[in-house]
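Observations on the model geometry
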Amino acid sequence: MSMLSEALREAFPEELQFDHRQHPSRVICCLLPRERFAEAAKVLKKKYALLAAEWASDETLLGKGFSVYACYRWGKEYLIVRSELPAEDPSFPSLTKKYLPAYRFERQMQSLMGVIPAGHPDLRPWIKFEDWPQDCYPLRKSFDSTEPLPRVDGEYQWAKAEGEGVYEIPVGPVHAGIIEPGHFRFQAVGEMVVNLEERLGYVHKGIEKKFEALSWHDAARLAGRVSGDSTVAHSIAYSLAVESISGLTGCNIPERAHWLRALFLERERIANHLGDIGAVCNDAAFAFMLYQLSRLRELLLRTNLRLFGHRFIMDRVFPGGVSVDITAQGRDEILAEMEIVAKDFERLVEVYEESSSLEDRVRDTGVLKPEKARELCVVGIVARASGMNLDCRIFNPFPPYDQYDRLELDVPVKVTGDVHARVWVRVEETRESIRIIRYILENMPAGPISVAVGDPLPETAGFAAVEGWRGEIIYWLQAGRAGEINRCMVRDPSSVNWLGLEQAIPGNIVPDFPLCNKSFNQSYSGHDL
Amino acid sequence: MIRILRQIFRTGIVTEPLPPEIEAGILQVGERLEETIRKRFRRSLTIRQVDAGSCNGCELEIHAINNSFYNCERFGVHFTASPRFADMLLVTGPVSRNMEVALKRTYDATPFPKLVVAVGDCGCNGGIFGESYATLGGVDSVIPVDVLVPGCPPPPLALLSGILTAVDGYPGKK
Ligand code: SF4
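Every value quoted in this text rests on a predicted model; they were computed, and no experiment measured them.

1. Looking at the overall build of chain B
A count of helices and strands for chain B gives 6 helices and 5 strands. For chain B, the N- to C-terminal ordering of α and β elements is α-α-β-α-β-β-α-β-α-β-α. Sequence separation of 24 or more characterises 81% of the internal contacts of chain B that already satisfy a separation of 6 or more. Put simply, chain B shows about 7200 Å² of open surface, and 56% of that area lies on carbon and sulfur atoms.

Below, the structure written as structure tokens:
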């Protein structure tokens with residue numbers, strides 16, 4: 001019995017029910033009346049649980065109204081609290097006062113699904129721009145997603161800072177560099193930022209809605225395009241979630257497939273970390289590191305293309321396994337490549353460490369304090385740079401990560417929460433990933449690399465969490481009456497970590513923003529969906 | 001400092017020693033590109049990149065043409081922060097409804113010749129996202145496009161040759 005569900009049972013002995021259609025079995029789903037939705041949050045918060053995700057599902061095709069879901073994490077446990085809402089009155093008590101990340105989750109739920117978080121302090125639409133008809137709710141079943149939306153007049157209400165000498169700097173959505181679009185509004189006094197407000201949603205592509213129109217198999221390609229830099233991690237998370245409800249148990253997926261997935265995942269992690277460390281240094285006017293590290297990154301991408309047929313290993317992971325194997329020669333090639341990368345990487349890390357001008361820019365800049373990080377329930381690199389020891393590879397592992405005693409995965413945790421800490425977590429993770437890749441190549445079991453998986457059983461729900469290079473990616477899938485996709489909830493790490501950036505900026509000078517932003521490097525596409 | 005110099009020295013110029021077939025490709029594309037740019041754009045082609053809804057995969061490959069293997073700057077290709085200085089827009093993504101206005105504005109702010117290269121399967125025809133309440137499909141559903149570079153994402157070499165094709169066709173553009 002899990003600690004979290006035990007706490008709920010104590011608090012609501014009469015009302016608590018378990019929803020046995022949630023899989024895999026270690027993810028417990030509790031059903032509570034909606035009046036208890038926020039009270040449950042209070043109980044779980046006392047137990048130090050973190051809020052991992054919150055979402056709604058339109059269950060009219062399942063003969064119900066709507067349901068709201070909140071997923072909590074504590075150590076190795078994931079617990080989902082579900083409350084049903086009648087279709088005529090889809091309101092529920094807001095969690096925002098207990099859990100800060102609910103602030104954006106709930107704005108999004110209201111904007112796209114039309115469920116109403118009662119007591120939420122700020123119900124400005126999110127992702128749904130002011131020029132959308134305000135009564136359209138794309139995630140509802142009654143919404144026809146193939147029709148273009150008309151544009152209406154409207155204006156976004158920005159938060160306002162007042163006082164002598166406060167001025168505003170709006171930036172974006174089209175930025176100076178080659179990066180994704182988003183809007184940032186700074187309020188500054190002199191050079192000092194007093195407030196930053198983000199506005200995201202520019203690259204909203206209706207991904208969650210699109211999932212519902214695809215077959216389980218085809219949807220793997222879509223999952224691989226939620227955030228192109230994390231294509232491997234997203235396809236693994238999607239596939240694991242499907243596999244949890246496809247009538248098979250996880251262990252029927254061939255071992256070798258799991259190991260190959262891990263190999264791809266670690267390669268993706270290294271490639272992105274190399275790019276990010278370089279980009280952060282470049283924003284601190286140290287272009288040398290960018291050029292050197294992008295060279296190493298390019299080597300990895302080329303090997304990927306040669307061995308796996310795609311530079312980012314896109315579309316190679318799907319429910320049932322993977323579509324490309326590695327030969328003995330390929331293995332040697334990667335081992336040799338790792339040798340070169342590891343050696344050059346260490347030299348570059350020394351340069352980073354010894355450069356005092358760089359140090360001056362990255363230390364104590366863009367600090368996200370550990371208390372703040374916890375309050376915001378951030379994940380991944382951002383969390384580990386601010387004192388939180390979280391990593392799905394350890395706390396929610398799939399093979400081969402479940403063999404800790406052999407793998408001895410070491411996750412770096414820093415407490416300073418500044419740009420340097422986020423860079424340093426990446427440095428240590430890169431080293432760790434190189435080590436894991438060697439381990440995988442030397443210990444990978446032989447055998448088939450995929451099996452056929454059937455469609456999921458009707459009216460079941462699947463779940464998976466995977467540690468991508470940014471952090472924990474969550475997929476929650478619900479099969480409809482005919483076994484089709486009724487809902488696919490995607491929670492990219494960016495959905496929570498963007499809040500972290502907003503909190504880390506005040507107190508910094510305006511020119512340091514690009515540097516801080518790079519050190520977070522969150523996904524716009526993964527957030528906007 | 002010594003370490004930096006040593007590493008630079010040790011690395012050498014990676015732009016040169018590539019597998020011959022790829023290097024030949026880059027050089028061939030690059031030389032023609034350089035010549036055309038010299039003739040028609042006074043030695044420098046300035047590009048503004050616009051992400052109009054991409055998944056960021058295409059952006060990663062556009063970054064890659066700046067790395068020392070492809071080193072697009074040696075052919076006179078630069079990226080700029082402002083559309084006002086741009087000769088060309090490199091646009092990715094199925095155009096999202098929420099980016100449509102910003103894309104049009106960027107196009108309007110770009111001076112003649114306003115070359116437009118649509119990048120990736122999404123930029124060409126909306127790709128996997130297609131047309132929906134949230135996406136309008138390919139870039140040409142919003143602004144005129146000169147060249148399409150398909151691929152998901154297109155590799156760096158395909159991007160370089162797409163840029164070349166657009167530059168090549170330039171005199172014909174009104
Ligand atoms: S073409 Fe592919 S890589 Fe490019 S934006 Fe579309 S899905 Fe992403």
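2. Regarding the overall build of chain A
Looking only at helices and strands, chain A features 18 helices and 15 strands. In terms of overall size, chain A behaves like a compact globule, its C-alpha atoms giving a radius of gyration of 23 Å where 529 residues would be expected to give roughly 24 Å. Dimensions of chain A along its principal axes, counting C-alpha atoms only, are 70 × 65 × 50 Å. The buried share of chain A, reckoned over its 529 residues, is 64%. Nonlocal contacts in chain A, meaning residues at least 24 apart in sequence, comprise 69% of its contacts between residues at least 6 apart. Working note: accessible area of chain A is about 18500 Å², and carbon and sulfur atoms make up 52% of it. Across chain A, the 62 positively charged side chains and the 76 negatively charged ones have centroids separated by 1 Å.

3. A word on the pairing of strand β2 (residues 27-31) of chain A
All names here are of chain A. Judged by how many residues are buried, β2 sits mostly within the fold: 5 of 5 residues are covered. The side-chain alternation of β2 yields two buried faces, one formed by Val27, Cys29 and Leu31 and the other by Ile28 and Cys30. In this structure, strand β1 (residues 17-18) lies alongside β2, joined through 2 bridges in antiparallel fashion. Within the sheet, the bridge partner assigned to Phe18 lies in β2 and is Cys30. Bridge count for β2 against strand β5 (residues 77-85) is 5 bridges, and the pairing is parallel. If you follow Cys29 over to β5, its bridge partner there is Ile80.

4. Some thoughts on unusual backbone geometry
Residues His23(A) and Pro24(A) are joined by a peptide bond in cis, for which omega reads -15°. Among the structural elements, Pro24(A) can be located in the loop between β1 and β2. Of note, the bond from Cys152(B) into Pro153(B) is cis; its omega dihedral lies within 30 degrees of zero at -15°. Its place among the elements puts Pro153(B) in the loop between β5 (147-149) and α6 (156-168). We note that Asp315(A) has phi near 60°; this positive angle belongs to a residue other than glycine. Of note, Asp315(A) is situated in the loop between α8 (287-308) and β11 (317-318). According to the relative accessible area criterion, Asp315(A) is partly exposed, its value standing at 27%. Phi at Lys114(B) takes a positive value of approximately 50°, unusual for a residue other than glycine. Looking at the secondary structure, you find Lys114(B) in the loop between α4 (100-109) and β4 (115-119).

5. A word on the pairing of strand β13 (residues 461-467) of chain A
Residue and element names in this part refer to chain A. Across the 7 residues that make up β13, a large majority, 7, are buried. Side-chain alternation along β13 places Ala461, Phe463, Ala465 and Glu467 on one buried face and Gly462, Ala464 and Val466 on a second face that is also buried. Of the strand pairs in this sheet, β13 and strand β14 (residues 472-479) are connected by 7 bridges, and their pairing is antiparallel. Its bridge partner being in β14, Ala464 is matched across the sheet by Tyr475. Where β13 folds back on β14, the antiparallel hairpin that results is connected by 4 residues, among which Gly471 adopts a positive phi of roughly 150°.

6. Some points on the interface of chain B and chain A
With 52 residues of chain B in contact, the opposing surface of chain A contributes 57 residues. Taken over both partners, the interface formed by chain B and chain A buries close to 4500 Å², and the fraction arising from carbon and sulfur atoms is 59%. Looking at the side of chain B facing chain A, the largest losses of area belong to Arg97(B), Asn98(B) and Tyr133(B), adding up to 20% of the total buried there. Joining chain B to chain A, the criterion identifies 22 residue pairs in polar contact (both at pLDDT 80 or more). Of all elements in the fold, only α1 (2-11), β1 (45-51), α3 (57-64) and α4 of chain B reach the threshold of two or more residues within the side of chain B that touches chain A. Per-element tally for the side of chain B that touches chain A: the top contributor is α3(B), with 7 residues. Of the residues that constitute the side of chain B that touches chain A, the class distribution is 27 nonpolar, 17 polar and 8 charged.

7. Here we look at the sheet that holds β2(A)
Backbone-to-backbone hydrogen bonds join strands into a sheet, with any given pair of strands oriented parallel or antiparallel. Residues and elements named next belong to chain A. What the 5 strands build is an open sheet, ordered β1-β2-β5-β4-β3; its pairing is mixed. Looking along the sheet, the strands with just one partner apiece sit at the ends: β1 and β3 (50-58). Across the face of the sheet, helix α1 (residues 3-11) comes into contact with β1, β2, β4 (66-74) and β5 while running at roughly 40° to β5.

8. Observations concerning the nonpolar core
Within the largest apolar cluster, 180 residues are counted, with the highest numbers of intra-cluster contacts made by Tyr72(A), Phe211(A), Tyr238(A), Leu263(A), Phe264(A) and Tyr475(A). Top contributing element to this core by residue count: helix α7 (residues 255-283) of chain A, with 12 residues. Each of two domains, domain 1 (3-118) and domain 2 (231-510) of chain A, supplies a minimum of three residues to this core. With near-sequence residues (within four places) excluded, Phe264(A) lies in contact with Val232(A), Phe308(A), Ile313(A), Arg316(A), Val317(A), Val322(A) and Val324(A). In this structure, Leu45(B), Ile62(B), Val147(B) and Val167(B) belong to the second largest nonpolar core, which totals 27 residues.

9. Quick word on the sheet that holds β14(A)
All names here are of chain A. Taken together, 3 strands build an open sheet; the order of strands is β13-β14-β15 and the sheet is antiparallel. Each edge of the open sheet is held by one strand with a lone partner, namely β13 and β15 (485-491). The sheet shows a mean angle of 10° between the axes of neighbouring strands, taken without regard to direction. Relative to the sheet, helix α6 (residues 231-244) contacts β13, β14 and β15, its axis offset from that of β13 by approximately 150°.

10. What to know about the site of the ligand
All residues in the neighbourhood of the ligand are listed as Arg225(A), Ser54(B), Cys55(B), Gly57(B), Cys58(B), Gly120(B), Asp121(B), Cys122(B), Gly151(B), Cys152(B) and Pro153(B). In this structure, the ligand is bordered by residues of chains A and B. For the shell around the ligand, the elements supplying multiple residues, two or more each, are α3 and α5 (120-125) of chain B. The biggest single contributor to the shell around the ligand is α5(B), with 3 residues. Its residues assigned to classes, the shell around the ligand shows 5 nonpolar, 4 polar and 2 charged.

11. Some points on empty space enclosed by the protein
All names here are of chain A. Applying the stated criterion to the full structure yields 7 cavities of 30 Å³ or more. Within this model, the largest cavity holds a volume of roughly 200 Å³. Lining the largest cavity we find 18 residues, and of these Glu54, Trp55, Phe105, Gln108 and Glu208 sit closest to its centre. Sorting the residues of the lining of the largest cavity by element identifies β3, α3 (102-113) and β15 as the ones contributing at least two each. When residues in the lining of the largest cavity are grouped by element, the largest group, 6 residues, is from α3. Per-domain counts for the lining of the largest cavity show at least three residues from each of domain 1 (3-118) and domain 2 (231-510). The wall of the second largest cavity is formed by 14 residues, among which Asp19, Tyr69, Arg82, Glu459 and Gln478 lie closest to the centre.

Calculation criteria
Residues numbered from 1 in each chain as written. Chains lettered and ligands numbered in written order. Predicted model: local features only at pLDDT ≥ 70, side-chain atom pairs only at ≥ 80, totals over all residues. Heavy atoms only, no water. Helix = DSSP H or I, 4+ residues; strand = E, 2+ residues; numbered from the N terminus. Contact = heavy atoms within 4.5 Å. Areas by Shrake-Rupley, 256 points an atom, 1.4 Å probe, with all protein chains shown as cover. Rg over C-alpha atoms; globule rule 2.2 N^0.38 Å. Buried < 20%, exposed > 50% of the residue type's maximum accessible area, 1.4 Å probe, protein only. Lys, Arg positive; Asp, Glu negative; His and termini not counted. Charge placed at Lys NZ, Arg CZ, Asp CG, Glu CD. Pairing = 2+ DSSP bridges. Buried area = accessible area lost by both parts, 1.4 Å probe. Polar contact = N/O pair within 3.5 Å; in protein donor to acceptor, adjacent residues only side chain to side chain. Nonpolar A, V, L, I, M, F, W, Y, C, P; charged D, E, K, R; others polar. Axes fitted to C-alpha atoms, helices over the stretch in contact; angles between N-to-C directions. Core = buried A, V, L, I, M, F, W, Y, C linked by side-chain atoms within 4.5 Å. Domains from an automatic or database assignment. Near = heavy atom within 4 Å. 1 Å grid on protein atoms, 1.4 Å probe; cavity = no way out; pocket = protein on both sides within 12 Å on 5 of 7 lines; lining within 4 Å. Points joined across faces, edges and corners; volume = space filled by probe spheres on them.

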